[in-house]
Amino acid sequence: LPTERSNLAGVRHIVLVLSGKGGVGKSTISTELALSLRHSGKKVGILDVDLCGPSIPRMFRVQNSDVHQCDSGWVPVFVDQDKSISLMSIGFLLEKPDDAVVWRGPKKNALIKQFVDDVAWGDLDFLIVDTPPGTSDEHISTVEALRPYKPLGAILVTTPQAVSVGDVRRELTFCKKTGLRVLGIVENMSGFVCPHCSECTNIFSKGGGEELAKHAGVTFLGCVPLDPQLSQSLEEGRDFIQEFPKSSAFPALARIAQHILDSSSQPSS
Amino acid sequence: SSGSRDEILRDKRARVVSRGLPKQKPIEGVKQVVVVASGKGGVGKSTTAVNIALALAANDSTKEVGLLDADIYGPSIPKMMNLKGIPELTPKNLMRPLKNYGIACMSMGFLVDETAPIVWRGLMVMSAVEKLLRQVDWGQLDYLVIDMPPGTGDVQLSVSQNIPIAGAVIVSTPQDVALLDACKGAEMFRKVHVPVLGLVQNMSVFQCPKCKHETHIFGADGVRDLAKTLGLNVLGDIPLHVNIRETCDSGQPVVISQPQSDAVSLVHCAFNDRKPSPRS
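Here the structure is a predicted model, which means the values were calculated and not measured.

Caption draft 1: Quick peek at the overall build of chain A. Secondary structure assignment for chain A yields nine helices and eleven strands. At 18 Å, chain A has a C-alpha radius of gyration in line with the 18 Å of a compact globule built from 269 residues. Its C-alpha atoms put chain A at 55 × 40 × 40 Å along the principal axes. When each of the 269 residues of chain A is scored for burial, the buried share is 64%. Pairs at least 24 apart in sequence give 77% of the contacts found in chain A among residues at least 6 apart. Accessible area of chain A: about 10900 Å², with a carbon and sulfur share of 47%. Of the side chains in chain A, 27 bear a positive and 31 a negative charge, and the two mean positions are spaced by 5 Å.

Structure below.
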């Protein structure tokens, strides 16, 4: 049971970002959600448990940062002077950012347990947990380790196409089996508007995520379109929410953050 | 002398360590194995693997090609190859691969319910991969294309430790986070002594079907730059084309359904020159 001095005692809400399918934008959504919540005045932490492909440090341009120890464990990396967003990722523990982590399950599980128990997060309004694709060691270990802290729930990210929706359908079942509440489904990369002629092309199809949400009886959090400014922001480690409020992906991302804020202020059932 | 004693000790240590590792043994009847990997999820491994397998078969109709979907958690091959059903067992208790478009396919997707997640830890995954490799009646294959899952973990290790691999094709999109993972993928193959045949740049550019304006949605030349840094070939540059995704979703991969299309000629050009070097 979590004790008074547990490192997660000061964290008010834990949100997992899952998919099942790779490359649909979990890290992107995690990053933008953190930025949006920060702009609503919240203190946010991001725990990146993707050990093979840690993307979060790069999205905040802190990939060369080091992690320090303190009495209660590891000190998370702050992305700015205000210390409003803190991160922990295996990316900070590697000697070189492009070192490969070629580990089997048991070793991964051990590190994930450390990430959950031994990071001195301090007081946070939200801890966002970014996961790798699939339903494997990392996911089982993460959900088990977080269970005593009663996560608020999980956001599932998909792209509209059939192969993605299929994998996310499986992830929904995983959530049900593990008792993880599904806060909603995001349909990412939903349509691309040509910057030249404004024609919208559904490169990765459209509607698959919305239909899955309807079919499974979970909240549909909205369609996020393909937005080159968003991709570029992430490459450069910029604050998309602050710098590109008029960009095509902004309204959808803001809506997701609002839903999380609303969910967190409801009394838990 | 202490020199030779050190050497004897080193040899003994190497022998003890290797005792714990599985022995690499080729799959009976399979001449060459090509794996399609990435490190990063969602860059188009399955799409590329399916179209490589079909292009290999289309290029030379005398060649027999097989396709193994090693993505235990998110098997995409059944959908893309329009295959469904539980594989039959031969009298020798091997699973018979399902065939479509002349390609023999095996996937975890045939063995489990579409909606059921595989929530397994590493050890069970290793055993499943072993079954998909060895307990399938592949017959005589010239090429076996293996579609790997994202990451650099259990499955990748199990496959490369179990069977000799002629070469690996690494797929990436141009964006930074994908390239970083592709780099890790390349390093992983180096660690397990699998030759990397080259990189494929996928989703390189999007051309608006209406006004033909080109947008580099995921960045421009990232893969070419990485290839140069790592000293690897760029095997191909595949654009974002609605056709590729539409045909995969409907189970009629573009190489088969629209052989005359631009996307396909690019795929063919990309893989025409790449035939794995013969096993020594």
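Continuing now.
Caption draft 2: Representation of the environment of Arg224(B) in the model. All names here are of chain B. For Arg 224, the location among the structural elements is in helix H7 (residues 222-230). Sequence separation between Arg 224 and Lys 131 is 93 residues, and the spatial gap between their C-alpha atoms is 37 Å. With residues near it in sequence (within four places) discarded, Arg 224 still touches Gln 201, Val 234 and Asp 237. Side-chain polar atoms of Arg 224 contact the side chain of Asp 237, separated by 3.2 Å.

Caption draft 3: The arrangement of the packing of aromatic side chains in detail. Residues and elements named next belong to chain A. Enumeration according to the criterion identifies three aromatic pairs over all chains in this entry. Ring geometry for Trp 74 against Phe 115: centres 5.7 Å apart, planes inclined by 70°, an arrangement best described as edge-to-face. Separated by 41 residues along the polypeptide, Trp 74 in strand E4 (residues 73-75) and Phe 115 in helix H3 (residues 105-117) bring together distant segments of the chain. For the pair Trp 74 and Phe 115, one class covers both residues: buried.

Caption draft 4: Highlighting the pattern of salt bridges. Summed over the entire model, instances satisfying the criterion amount to 18 salt bridges over all chains. Arg12(A) serves as the salt-bridge partner of Asp125(A), at 3.2 Å between the closest nitrogen and oxygen. Of this pair, Asp125(A) sits in strand E7 (residues 124-130) while Arg12(A) sits in strand E1 (residues 11-18), and the two are 113 residues apart along the sequence. Here Arg12(A) falls in the exposed class, since its relative accessible area comes to 58%. One salt bridge in this structure joins Asp142(B) and Lys31(B), with 3.0 Å as the shortest N-O distance. Taken together, the residues span a long stretch of sequence, with Asp142(B) in strand E5 (residues 141-147) and Lys31(B) in strand E1 (residues 30-37) at a distance of 111 residues. The class of Asp142(B) is buried, set by a relative accessible area of 13%. Salt bridges sharing common partners tie together Arg38(A), Asp80(A) and Asp239(A).

Conventions and cut-offs
Residues numbered from 1 in each chain as written. Chains lettered and ligands numbered in written order. Predicted model: local features only at pLDDT ≥ 70, side-chain atom pairs only at ≥ 80, totals over all residues. Heavy atoms only, no water. Helix = DSSP H or I, 4+ residues; strand = E, 2+ residues; numbered from the N terminus. Rg over C-alpha atoms; globule rule 2.2 N^0.38 Å. Buried < 20%, exposed > 50% of the residue type's maximum accessible area, 1.4 Å probe, protein only. Contact = heavy atoms within 4.5 Å. Areas by Shrake-Rupley, 256 points an atom, 1.4 Å probe, with all protein chains shown as cover. Lys, Arg positive; Asp, Glu negative; His and termini not counted. Charge placed at Lys NZ, Arg CZ, Asp CG, Glu CD. Polar contact = N/O pair within 3.5 Å; in protein donor to acceptor, adjacent residues only side chain to side chain. Phe/Tyr/Trp six-rings, centres within 6.5 Å; stacked < 30°, edge-to-face > 60°. Salt bridge = Lys/Arg side-chain N within 4 Å of Asp/Glu carboxyl O.

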